[in-house]
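Listed below are the residues making up each chain.
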Amino acid sequence: MNGIHDMGGLHGFGPVTVEPNEPVFHARWEGRVYAITQAMDTTGLYNLDEHRHEIELMDAASYLTDGYYGRWLFAMERILDRKGVVRRAEVDRRIAQDVAGEVAPVEHADRAWPVPSETRIRWGAWRKDVAVAPKFAVGDRVRVRNHQPAGHTRLTHYVRDKVGTVTVVNAQAWVYPDTRAHNTGENLQPVYNVSFSGEEVWGDAAEPNTIVRVDLSEDYLDRETGA
Amino acid sequence: MNGIHDMGGLHGFGPVTVEPNEPVFHARWEGRVYAITQAMDTTGLYNLDEHRHEIELMDAASYLTDGYYGRWLFAMERILDRKGVVRRAEVDRRIAQDVAGEVAPVEHADRAWPVPSETRIRWGAWRKDVAVAPKFAVGDRVRVRNHQPAGHTRLTHYVRDKVGTVTVVNAQAWVYPDTRAHNTGENLQPVYNVSFSGEEVWGDAAEPNTIVRVDLSEDYLDRETGA
Amino acid sequence: MSGHHHDHGHDDHDHDHGAEKPWQAVRTEALESLLNDLGIISSARIDEIVSHYEDKIGPKSGARVVARAWTDPAFKARLLADGLAACAELGLGGPETEYLHVVENTATVHNVVVCTLCSCYPWTILGLPPAWYKSSAYRSRAVREPRRVLAEMGLTLADDVTIQVWDSVSEIRYLVLPERPPGAEGMTEDELADIVTRDAMIGVARVQV
Amino acid sequence: MSGHHHDHGHDDHDHDHGAEKPWQAVRTEALESLLNDLGIISSARIDEIVSHYEDKIGPKSGARVVARAWTDPAFKARLLADGLAACAELGLGGPETEYLHVVENTATVHNVVVCTLCSCYPWTILGLPPAWYKSSAYRSRAVREPRRVLAEMGLTLADDVTIQVWDSVSEIRYLVLPERPPGAEGMTEDELADIVTRDAMIGVARVQV
């Protein structure tokens, strides 16, 4: 989807601010959110691409203000709610109980947990050990497709319709995130590193002698046949 | 600048919500902000393009949450402060006085007001009565330049590098907003209406049989020489 | 996004961080009183401008233009050739609209207007735009998926009708000349003006009898 | 934007709407306790993961890899050919990094890493990324104006040095192999590992003796 998360090239975010002696987590809850998400990757509930897409579905202002782990919290809550594992109303009830100092057991009825083995979703496994035949070779000129799905994609908007050169062929069977995020198939395919000149991508705003190198799934690319 | 204001084609903002029997202004302050901005267009303080650019300089989250007239208020305050006419600290002081029920006169020292006639800026006047010779004619194929200035532009990002057809030649001498916003010249030139197919702009996301027609300054365009 | 759970206040109007009066109202009042004290503006003039936009101008002006165009072919020809000059014949116009292109809907081409960058709109002919026209949803979607946006707003167009979206990002403003509806054959110009809506002149609705 | 005047809380970390505890902490605690009660996670395991990332992994791992590459040409060749396999020789690696490309800085080519879409980073080799790497400013600017961003961060590169920005939006992770600095000729592998910084392995700094 075309969203604020796809922010390569945007203006207006000011200087890069470096924090000296930064802790790994800035608050206890950040570490908990990170680790809970990590721990859930073995539950069969959802995959990494779903996690990323859920973050993309945040409203744009919240995306910008909630912070990195705030986005993870948002995605975790939404996915658990949407999949019927932990409902938002339950979280709200638990917060009210915590405030009131009450202790109440969770209700086990009508809950999509545990996940039956036949519907379990693998979190990761981005590569499979099957053979794929790459369409492109190092040195090939490719044009990035004007691909603008409403759903998840890892095609950054700033290289759409741009011409680059294949510099690395990752000839393994990589999962295609656009479909995996929606649990509509793995579509195994090579991933290429494509090199774009700054001028091609940024036009009159390009800095001299800069190159952008982006990893792109085969389905994002067409052979460039023009001059 | 590449900013959130340039939102043509973004996903994630949900349905268009229509409010029945909507008032012209939803709160008294909205009408005041609108009318004060209108009234200030004769003061020689700033021009329309500066107003628009100041709004673009809002941080992205505030842009999305402050609402249309909230953006105007932001721009008015910032421009008055930046130009030394009404300082932000003065507004804060006046608010504190209002809360305390005090009445204090404004201080007249060190204020860039009134504007000397030689530095007055015209708000509007988008066209001048001078002759310009259009480079392009109806039917010409043009490619939009990959123009990504850090400052103001009216080139919408979604047509950059796209090919379209000139459908209307507005052969008058129009002010070029990219320079006028920064008071660096009027660069009078024609404005063309250019027609783009949905497919050219939106690729695989295009709806059938749709056309986007965008008004573009001559400096945004090159003649398309390819097939 | 509905369903989002904390109170950032993502509405498109004013919002309030717990104070009794919205902070934007507070700042506006302070700014107006300073500008007034300094003689940069006069609050009396601000009152006049507000009531002008609240009471004097609005889509009724555009409706008169459309009704005249439907009933007077020579006027329609002049309107399509030079929008502002034709509007001036009806006493309409003003300093904020520099140039007006009137774009005509037909059985095969439907026009719709947006400004993706900042909500430009022909104020002097239609009044100030509705909130939906200024919304992020309309600005982002109208150019990419006009067919779906129009359908959601109640105007379903056949696939063989070409949709032209006018993104009015320069200083030229657009007014859609809707199709005269079936059933309106015998109506007078004033009766016709009564049925022409703002939404039809933006291009998100048809005129209906 | 500094200078913006109301309190939306536009920081990149947590923010607080007036409650004593940030709302995100409140929701996290409630969610963790529910997940724990349901047996979906165990808080003891969460404790372990947090301390693993706080105490066990971090840029020291990457620094060992770089120091070894500087002192052992055969290792360096293996590292550039297959990053993860070479790291595994040092006992480094883990489930989160699927594929590691090590990109070598030279006198004429400087590499820098970003993920514009979501802040991907080689966690198992460098630990979790710093806040600036995850900031909107870095993500938006590093691809468009790397030369200026690097200069602002203290690394000014001559115009004849090519800057390659690796936008790591797929599942391949990147580690920059910095240049061995002048003055480090006589240092041991352990001494070298001590001077290699996280920022040098992202590509926003040089290693200095």
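- Labelled according to an unreviewed UniProt entry, chain C appears under the name nitrile hydratase, originating from Hansschlegelia quercus.
- The UniProt entry for chain C carries this comment under Catalytic activity (unreviewed entry): "an aliphatic primary amide = an aliphatic nitrile + H2O".
- According to the UniProt record, the Sequence similarities (unreviewed entry) comment for chain C is "Belongs to the nitrile hydratase subunit alpha family."

- An unreviewed UniProt entry lists chain A under the name Nitrile hydratase subunit beta, with Hansschlegelia quercus given as the organism.
- Looking at chain A in UniProt, the text filed under Function (unreviewed entry) is "NHase catalyzes the hydration of various nitrile compounds to the corresponding amides."
- Under the heading Catalytic activity (unreviewed entry), UniProt records this for chain A: "an aliphatic primary amide = an aliphatic nitrile + H2O".

**Concerning the overall build of chain A**
And then number 1: The helix and strand tally for chain A stands at 7 helices and 6 strands.
And then number 2: Reading the secondary structure of chain A in the N-to-C direction produces α-α-α-α-α-β-β-β-α-β-α-β-β.
And then number 3: In terms of overall dimensions, chain A has C-alpha extents of about 70 × 45 × 30 Å along its principal axes.
And then number 4: Counting over 227 residues, chain A shows a buried share of 60%.
And then number 5: Excluding contacts between residues fewer than 6 apart, the proportion of contacts in chain A whose partners are at least 24 apart in sequence is 70%.
And then number 6: Averaging the coordinates of the 26 positive side-chain charges in chain A and doing the same for the 34 negative ones gives two points 4 Å apart.

**Some details on the overall build of chain C**
And then number 1: Broken down by element type, chain C carries 11 helices and 4 strands.
And then number 2: Here chain C holds 209 residues, and 59% of them are scored as buried.

**Here's the deal with the UniProt feature "domain: Nitrile hydratase beta subunit" (unreviewed entry) in chain A**
And then number 1: When the UniProt feature table is mapped onto this chain numbering, "domain: Nitrile hydratase beta subunit" (unreviewed entry) sits at residues 129-222 of chain A.
And then number 2: Counted over residues 129-222 of chain A, helix gives 10% and strand 37%. Its end C-alpha atoms are 25 Å apart.

**A closer look at the UniProt feature "binding site: Fe(3+)" (unreviewed entry) in chain C**
And then number 1: Under the present numbering, the feature "binding site: Fe(3+)" (unreviewed entry) in UniProt falls on Cys115(C), Cys118(C), Ser119(C) and Cys120(C).
And then number 2: Mapped onto the secondary structure, Cys118(C) falls in the loop between β2 (109-114) and α6 (123-126).
And then number 3: Contact partners of Cys118(C), with chain neighbours within four places excluded, come to Arg52(B), Tyr68(B), Arg154(B) and Arg139(C).
And then number 4: Among the secondary structure elements, Cys120(C) is positioned in the loop between β2 and α6.
And then number 5: When sequence neighbours within four positions are dropped, the list of residues in contact with Cys120(C) reads Arg52(B), Arg154(B), Cys115(C), Tyr133(C), Ser168(C) and Arg173(C).

**Some words on the nonpolar core**
Across soluble globular proteins, you tend to see nonpolar side chains buried next to one another.
And then number 1: Formed by 267 residues in total, the largest nonpolar core has its most connected members in Met40(A), Met40(B), Tyr138(C) and Tyr138(D).
And then number 2: Excluding anything up to four places from it in sequence, Tyr138(D) contacts Val16(A), Val112(D), Val113(D), Val114(D), Trp132(D), Tyr133(D), Val149(D), Ile202(D) and Val204(D).

**So, the UniProt feature "domain: Nitrile hydratase beta subunit-like N-terminal" (unreviewed entry) in chain A**
And then number 1: Here the UniProt-annotated "domain: Nitrile hydratase beta subunit-like N-terminal" (unreviewed entry) positions come out as residues 1-110 of chain A.
And then number 2: Between the end C-alpha atoms of residues 1-110 of chain A the distance is 33 Å, and the span holds 50% helix and 0% strand.

**What to know about the side chain of His110(D)**
Residue and element names in this part refer to chain D.
And then number 1: Looking at where His 110 falls in the secondary structure, it is placed in strand β2 (residues 109-114).
And then number 2: Of the polar contacts made by the side chain of His 110, one reaches the side chain of Asn 105; its length is 3.4 Å.
And then number 3: Setting aside chain neighbours within four positions, we find His 110 in contact with Asn 105, Leu 150, Leu 155, Leu 157, Val 161, Thr 162, Ile 163, Gln 164 and Gly 203.

**So, the packing of helix α3 (residues 59-71) of chain C against helix α4 (residues 73-81) of chain C**
Residues and elements named next belong to chain C.
And then number 1: Where α3 contacts α4, the axes come no closer than 5 Å and their chain directions differ by 125 degrees. With respect to α4, the axis of α3 lies oblique. Crossing of α3 against α4: the hand is left-handed. Counted together, Val 65, Arg 68, Ala 69 and Thr 71 of α3 and Pro 73, Phe 75, Lys 76 and Leu 79 of α4 form the full contact between these two elements.
And then number 2: Here the residues of the contact of α3 with α4 sort into 5 nonpolar, 1 polar and 2 charged.

**A few points about the pattern of salt bridges**
And then number 1: Throughout the structure, instances matching the rule amount to 59 salt bridges over all chains.
And then number 2: The shortest N-O distance in the salt bridge between Asp92(A) and Arg27(D) comes to 3.1 Å. Here Asp92(A) is found in helix α5 (residues 88-100), whereas its partner Arg27(D) is found in helix α1 (residues 23-37) on a different chain.
And then number 3: We classify Arg27(D) as buried; its relative accessible area is 7%.

**Regarding the environment of Ala88(D)**
All names here are of chain D.
And then number 1: Summarising the element assignment, Ala 88 is placed in helix α5 (residues 83-89).
And then number 2: What makes Ala 88 partly exposed here is its relative accessible area of 47%.
And then number 3: For the pair Ala 88 and Val 65, spaced 23 residues apart in the sequence, the C-alpha separation amounts to 10.0 Å.

Each value, and the rule that gives it
Residues numbered from 1 in each chain as written. Chains lettered and ligands numbered in written order. Predicted model: local features only at pLDDT ≥ 70, side-chain atom pairs only at ≥ 80, totals over all residues. Heavy atoms only, no water. UniProt positions renumbered as here; feature names shortened; annotations may be inferred. Helix = DSSP H or I, 4+ residues; strand = E, 2+ residues; numbered from the N terminus. Buried < 20%, exposed > 50% of the residue type's maximum accessible area, 1.4 Å probe, protein only. Contact = heavy atoms within 4.5 Å. Lys, Arg positive; Asp, Glu negative; His and termini not counted. Charge placed at Lys NZ, Arg CZ, Asp CG, Glu CD. Core = buried A, V, L, I, M, F, W, Y, C linked by side-chain atoms within 4.5 Å. Polar contact = N/O pair within 3.5 Å; in protein donor to acceptor, adjacent residues only side chain to side chain. Axes fitted to C-alpha atoms, helices over the stretch in contact; angles between N-to-C directions. Parallel < 35°, antiparallel > 145°, perpendicular 65-115°, else oblique. Left-handed = near helix turned anticlockwise from the far one by under 90°. Nonpolar A, V, L, I, M, F, W, Y, C, P; charged D, E, K, R; others polar. Salt bridge = Lys/Arg side-chain N within 4 Å of Asp/Glu carboxyl O.

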